[in-house]
Amino acid sequence: MTGLIDTHCHLDHFSEEEMPGLLDRAKEFGLEGMVTIGTRLSRQSEQKALTRYSRPDLSIWCAIGTHPDHVMEEPPMDADAIVKLAEDPEVVAIGESGLDYFHGAEEVRPTQQASFREHVHAARLTGLPLAIHTRQADEDMASILREETETRGAFPFLLHCFASGPELAKTALELGGYLSFSGIVTFPKCQELRDIAASVPLDRIFVETDSPFLAPVPRRGKRNEPGYTAYTAAVVAQTRGMEEQAFIEATTANFHRLFTRAH
């Protein structure tokens, strides 16, 4: 299979020595590109620097943002500041940002929500898609997405590593968002998630690794890497009753439709 794009990976977790082999394997698995995602705005320069590994047959882009787990450790940054940092052409998305109520204590939630809204505004101002992280926060996430869209205007976004319920999926799709599925969708006990993946409109779906985390079956329990997007794509294609190559071509078309700065 060829033409895959890993819409969400963390290349900063791999050493310089590991990168050549990682990229070679990614190409062998059929990838044509990947987006390395930022988790701290204070380290945005590191994400940008990783795009130097791009080569003629394999593109690397980046996103910049602060993960909700790190909002208390990072200096506050408003949308205008994020927009300024996102001016470099290698930045094709904002994020990841969002809500994580699994790790964060309840008193952290207002700070997570405030940071998330600044990232939303930055996505609106730049037109770059926002990579959204959400964990055990479906109700608040749906509420903020609706409020931001209805009161301040639409913005491009995707829910990355989607592992939430059908109601949040429905809300995101109604608001024009996309859903991205990781290796979790390959886990045997995740039939409900496969059912959601089967129901998402073909023009609103992505696949990703979130590597080095969440390796898909048959590499579950191992260190994940971008090439393993192929395993997730195969499972989602089968779940949808599609040929793998047709599914890959659709997701790649979706990527270039949403990530308009990616070339």
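Please read these numbers as outputs of a predicted model, since none were measured by experiment. (Residues numbered from 1 in each chain as written. Predicted model: local features only at pLDDT ≥ 70, side-chain atom pairs only at ≥ 80, totals over all residues. Heavy atoms only, no water.)

(A) The overall build of the chain, seen in detail. When its secondary structure is counted, the chain shows 9 helices and 8 strands. In summary, the chain has a C-alpha radius of gyration of 17 Å against a globular reference of 18 Å for 263 residues, a match within 12%. By its C-alpha atoms, the chain is 40 × 40 × 30 Å across when sized along the principal axes. Of the contacts made within the chain by residues no fewer than 6 positions apart, 76% connect residues no fewer than 24 positions apart. Taken together, the 25 basic and 40 acidic charged side chains of the chain have centroids lying 2 Å from each other. (Helix = DSSP H or I, 4+ residues; strand = E, 2+ residues; numbered from the N terminus. Rg over C-alpha atoms; globule rule 2.2 N^0.38 Å. Contact = heavy atoms within 4.5 Å. Lys, Arg positive; Asp, Glu negative; His and termini not counted. Charge placed at Lys NZ, Arg CZ, Asp CG, Glu CD.)

(B) Focus on the packing of aromatic side chains. Under the definition given, this model contains 9 aromatic pairs. Ring centres of F29 and Y231 lie 5.5 Å apart, and the angle between their planes is 65°; this geometry places the pair in the edge-to-face category. Note that F29 is positioned in the loop between α1 (19-28) and β2 (31-37) and Y231 in helix α8 (residues 229-240), a separation of 202 residues in sequence. According to the relative accessible area criterion, F29 is partly exposed, its value standing at 22%. (Phe/Tyr/Trp six-rings, centres within 6.5 Å; stacked < 30°, edge-to-face > 60°. Buried < 20%, exposed > 50% of the residue type's maximum accessible area, 1.4 Å probe, protein only.)

(C) Region of the structure containing the UniProt feature "binding site: a divalent metal cation 2" (unreviewed entry) in the chain. Taking the numbering used here, the UniProt-annotated feature "binding site: a divalent metal cation 2" (unreviewed entry) corresponds to H133 and H160. Judged by maximum C-alpha separation, these annotated positions cover 28 residues in sequence but sit close together in space, the widest gap being only 6.0 Å. In the annotated set above, the residues contributing to the lining of the largest pocket are H133 and H160. Looking at where H133 falls in the secondary structure, it is placed in strand β5 (residues 130-135). (UniProt positions renumbered as here; feature names shortened; annotations may be inferred. 1 Å grid on protein atoms, 1.4 Å probe; cavity = no way out; pocket = protein on both sides within 12 Å on 5 of 7 lines; lining within 4 Å.)

(D) Seen up close, the side chain of T134. Relative to the helices and strands, T134 resides in strand β5. Each residue touching T134, except ones within four places of it in the same chain, is listed here: L99, M141, S164 and L168.

(E) Region of the structure containing the pattern of salt bridges. Applying the stated criterion to the full structure yields 14 salt bridges. Between E87 and K84 there is a salt bridge; the shortest N-O distance is 3.6 Å. On the basis of relative accessibility, which here comes to 56%, the residue K84 falls in the exposed class. Between R124 and E148 there is a salt bridge, and its shortest N-O distance comes to 3.1 Å. Here the residue R124 occupies a position in helix α4 (residues 109-126), and E148 occupies one in helix α5 (residues 138-152), the gap between them amounting to 24 residues. For R124, a relative accessible area of 18% translates into the label buried. By relative accessible area, E148 is classed as buried at 3%. In the salt-bridge network here, residues are joined through shared partners; they are R117, R124, E147, E148 and R152. (Salt bridge = Lys/Arg side-chain N within 4 Å of Asp/Glu carboxyl O.)

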